[in-house]
Amino acid sequence: MIFSHSATRISPMRRLTLRVATSAVCLFAPALASTAAELSKADANLLQAAAQFGRFEIEAGQMASARATTDPVREFARTVTRDHLQAETELKALASVRKMSLPTEPSASQKKLLTSLGQKNGKDFDDAYVREAGLAQNREGIAQLEKAQPNAKDPDIRSVIERGLTLMRRHVQLAEAAARPGGQQPTGTRHQGLGEPRNPVPRTTAPDESAPPAERPRQDRERGTAVPTR
């Protein structure tokens, strides 16, 4: 026999560990459907590319969270980092079930881009991060996923593509907002200072109390204009 009776016996602690591991997979990757089947080469390559892209976005986001000079860019970077850390957990769960390994670092070209970002400071860094990591990389990723989507047969990979497209499109919108001059204000609107009324009411001159009684103006309650007293 290949397996003896003693080999199949599971201790209570081992049984608890297996339940915890199974719960973690169900929590972070609820879309796992065909766990027994092996991924095709194309689907496996797509999963590996997704892992590399996520690693790049996490490392770039962590860099920008620490070095960005404006609140919109800093908040965008934190959102991207948080989203991709969660997505990375889901990818690892799927890879574990399929018994395949995922890259733990960005691709060579992505590393080169990270090095370039690390050499910039101030506004140059903010602009480069939003332009390259926020817009260019996500738009390229969207194009690649849309191209791969019709050919994806595996239900888990289709789920990865759908969620990846949703995530990337959202990040493009956030990057576009962070790239707007001054934060968010659309073109053609006038900046309103704090406490400044949008339609200020014209002020009227107060009556001169030192003038003689005959010359003091009185307020016409109905018309709201000052007329001399007779």
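Quick note: structure is the one above.
Because the structure is a prediction, the values reported are computed rather than measured.

A.B. asks: Help me get a handle on the overall build of the chain, residues and values and all.
C.D. replies: On a plain count of helices and strands, the chain comes out with seven helices and two strands. Of the regular secondary structure in the chain, the N- to C-terminal order runs α-α-α-α-α-α-α-β-β. Burial analysis of the chain (230 residues in total) assigns 32% to the buried set. Long-range pairs, those at least 24 residues apart, make up 73% of the contacts in the chain with a sequence separation of at least 6. In the form shown here, the chain has an accessible surface area of approximately 15,800 Å², with 54% of it arising from carbon and sulfur atoms.

A.B. asks: So, the nonpolar core: which residues are in play, and what are the values?
C.D. replies: Grouped together as the largest cluster of nonpolar side chains are 40 residues, with contacts concentrated most on Leu47 and Tyr129. Within the residue set of this core, elements represented by two or more residues are α3 (41–67), α4 (71–97), α5 (108–118), α6 (122–148) and α7 (155–179). Among the elements that make up this core, the one with the highest residue count is α3 (nine residues). Discounting residues that sit within four places of it in the chain, Tyr129 has contacts with Ala60, Gly61, Ala64, Val73, Phe76, Ala77, Val80, Leu117 and Gly134.

A.B. asks: Please set out the packing of α3 against α4 residue by residue, giving values where relevant.
C.D. replies: Interaxial distance between α3 and α4 falls to 8 Å at its minimum, and their mutual angle equals 150°. Here α3 is positioned roughly antiparallel relative to α4, judged by the angle of their axes. For the pair α3 and α4, the sense of crossing is left-handed. The residues of α4 that touch α3, namely those facing Leu47, Ala50, Ala51, Phe53, Gly54, Arg55, Glu57, Ile58, Gly61, Gln62, Ala64 and Ser65, are Arg74, Ala77, Arg78, Val80, Thr81, His84, Leu85, Glu88, Leu91 and Leu94. In terms of residue class, the contact of α3 with α4 is built from eleven nonpolar, six polar and five charged.

Analysis parameters
Residues numbered from 1 in each chain as written. Predicted model: local features only at pLDDT ≥ 70, side-chain atom pairs only at ≥ 80, totals over all residues. Heavy atoms only, no water. Helix = DSSP H or I, 4+ residues; strand = E, 2+ residues; numbered from the N terminus. Buried < 20%, exposed > 50% of the residue type's maximum accessible area, 1.4 Å probe, protein only. Contact = heavy atoms within 4.5 Å. Areas by Shrake-Rupley, 256 points an atom, 1.4 Å probe, with all protein chains shown as cover. Core = buried A, V, L, I, M, F, W, Y, C linked by side-chain atoms within 4.5 Å. Axes fitted to C-alpha atoms, helices over the stretch in contact; angles between N-to-C directions. Parallel < 35°, antiparallel > 145°, perpendicular 65-115°, else oblique. Left-handed = near helix turned anticlockwise from the far one by under 90°. Nonpolar A, V, L, I, M, F, W, Y, C, P; charged D, E, K, R; others polar.

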